[in-house]
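# Survey of secondary and tertiary structure
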Amino acid sequence: MAELEVEIVAADHHVWAGAAKMVKARTSDGEIGILPGHSPLLAILAEGELAIEPVNGARMAVAVDGGFFSVDKDRVVIVADNAQLQDGAASTAGIH
């Protein structure tokens, strides 16, 4: 099964990294969903909520205040000005 390698960092700390089936985010051009095999992409991240569906565990939400979103060869890197895992997400495996 194909999966995404996801890394989320804020300006001052590492937020989360792990394998995921899907990532959904709001960009300056609108909402985008990323699945394995997605074309390369670089987008401006808008303020809002990221949704991540990890390979193992429950769906997670991360509040972000903007930044950028990069996809290349099933690797998703999200660099946010500020990012915070939403309640309940902190117990999910893969958080650093």
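In the annotation of an unreviewed UniProt entry, the protein chain is listed under the name ATP synthase epsilon chain and assigned to Arthrobacter wenxiniae. Looking at the protein chain in UniProt, the text filed under Sequence similarities (unreviewed entry) is "Belongs to the ATPase epsilon chain family." One UniProt comment on the protein chain, placed under Subunit (unreviewed entry), says "F-type ATPases have 2 components, CF(1) - the catalytic core - and CF(0) - the membrane proton channel. CF(1) has five subunits: alpha(3), beta(3), gamma(1), delta(1), epsilon(1). CF(0) has three main subunits: a, b and c."

Right, let's talk about the nonpolar core for a bit. As a rule of thumb, nonpolar side chains are buried together in soluble globular proteins. Counting 25 residues, the largest nonpolar core has I8, V62 and F69 as the members making the most contacts within it. The leading source of residues in this core is strand β2 (residues 14-27), at 5 residues. In this view, V62 contacts I8, V15, G48, E49, L50, I52, A83, Q84, L85 and Q86; residues no more than four positions away in its chain are not counted.

A few words now on unusual backbone geometry. Leave glycine aside and you will find that most residues have negative phi; peptide bonds, for their part, are mostly trans. Backbone geometry places K73, a non-glycine residue, at a positive phi of 50°. Considering the arrangement of structural elements, one finds K73 in the loop between β7 (67-72) and β8 (75-80). Residue K73 is classed as exposed on the basis of its relative accessible area of 74%. Not every positive phi belongs to a glycine, and D74 is a case in point at roughly 65°. Inspection of the secondary structure puts D74 in the loop between β7 and β8.

Turning our eyes to something else, we now look at the pairing of strand β1 (residues 4-10). Summarising burial for β1: 5 of the 7 residues are buried, a large majority. Where β1 lies against β2, 6 bridges are found, and the strand directions are antiparallel. Its bridge partner being in β2, E5 is matched across the sheet by A19. Between β1 and the antiparallel strand that follows it, β2, lie 3 residues. Two elements, β1 and β8, share 6 bridges in a ladder whose sense is parallel. Looking at β8, one finds that V6 is bridged to V76.

Definitions and cut-offs
Residues numbered from 1 in each chain as written. Predicted model: local features only at pLDDT ≥ 70, side-chain atom pairs only at ≥ 80, totals over all residues. Heavy atoms only, no water. UniProt positions renumbered as here; feature names shortened; annotations may be inferred. Core = buried A, V, L, I, M, F, W, Y, C linked by side-chain atoms within 4.5 Å. Buried < 20%, exposed > 50% of the residue type's maximum accessible area, 1.4 Å probe, protein only. Helix = DSSP H or I, 4+ residues; strand = E, 2+ residues; numbered from the N terminus. Contact = heavy atoms within 4.5 Å. Pairing = 2+ DSSP bridges.

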